[in-house]
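# Structural characterization, general
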Amino acid sequence: LDGVPWDRESEAALNEAPRQARERGLLAGRAAWLAHPLFAPARRRPPIAQALATMVAAYPGQHWIGRDPHHPQPALLDRLEDFAGPALVAVGDQDVPCFREMSAVLARRMPGAEYHLVRDAGHMTAMEQPAALNDLITNFASQVRQSTATALARQEG
């Protein structure tokens, strides 16, 4: 979420991947990215660590050595209040500080957003706590479905 500052450790580690990719090649860039504190909780769980390593190994990393196709991005931070719709914001309690802050900003600034901190999860919440995240999504979808049905009934009545 551009506009929300990164904590120093995360920012330094984020800059390490492109530096390594430029100086030593994409394999080194991928290794530096995998070593980012962002992935520390996932790396502590062998099956998740292996799946994450496989994902990172397949990452092209083109933006580390060339033009980033994702930049520039529109200033989403300034448009969050314009969001119209239900939103579920979930973040792992072990995620890096900047992503916990970004999630909190999303939840505070998007009207009607629900914020949930997922216990015992880092950045890879869906891999680290799939049942907890699935429950959150299922319950949220059920609430949205119910409130939509109620609103439609009021319109018809």
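About the criteria used
- Residues numbered from 1 in each chain as written.
- Predicted model: local features only at pLDDT ≥ 70, side-chain atom pairs only at ≥ 80, totals over all residues.
- Heavy atoms only, no water.
- Axes fitted to C-alpha atoms, helices over the stretch in contact; angles between N-to-C directions.
- Helix = DSSP H or I, 4+ residues; strand = E, 2+ residues; numbered from the N terminus.
- Parallel < 35°, antiparallel > 145°, perpendicular 65-115°, else oblique.
- Left-handed = near helix turned anticlockwise from the far one by under 90°.
- Contact = heavy atoms within 4.5 Å.
- Nonpolar A, V, L, I, M, F, W, Y, C, P; charged D, E, K, R; others polar.
- Phe/Tyr/Trp six-rings, centres within 6.5 Å; stacked < 30°, edge-to-face > 60°.
- Buried < 20%, exposed > 50% of the residue type's maximum accessible area, 1.4 Å probe, protein only.

Packing of helix H1 (residues 8-24) against helix H2 (residues 26-34) leaves a shortest axis separation of 6 Å and a crossing angle of 160°. Here H2 runs roughly antiparallel to H1, going by the angle between their axes. Here the hand of the crossing between H1 and H2 comes out right-handed. Residues Glu 16, Ala 17, Gln 20, Ala 21 and Arg 24 of H1 form the contact with H2, whose own contacting residues are Leu 26, Ala 28, Gly 29, Ala 32 and Trp 33. Here the contact of H1 with H2 is built from residues that sort into six nonpolar, two polar and two charged.

Across all of its chains, the model carries five aromatic pairs by this definition. Between the aromatic rings of Trp 6 and Phe 99, the centroid separation amounts to 5.3 Å while the plane-to-plane angle is 80°, which identifies the pairing as edge-to-face. Taken together, the residues Trp 6 in the segment before H1 and Phe 99 in helix H6 (residues 97-109) connect sequence positions 93 residues apart. Counting every residue linked through ring pairs, the aromatic cluster contains Trp 33, Phe 39, Tyr 59 and Trp 64.

Quick look at H2 now. Looking at H2, one finds that the buried residues are Ala 28, Gly 29, Arg 30 and Ala 32. At its buried positions, H2 is contacted by H1, helix H4 (46-57) and helix H5 (62-65).

Glancing now at unusual backbone geometry. One can expect most non-glycine residues to show negative phi and most peptide bonds to be in trans. At Asp 120, a residue that is not glycine, the phi angle is positive and equals roughly 60°. With respect to the helices, strands and loops of the structure, Asp 120 is situated in the loop between strand S2 (113-118) and helix H7 (125-128). Classification of Asp 120 as partly exposed rests on a relative accessible area of 39%.

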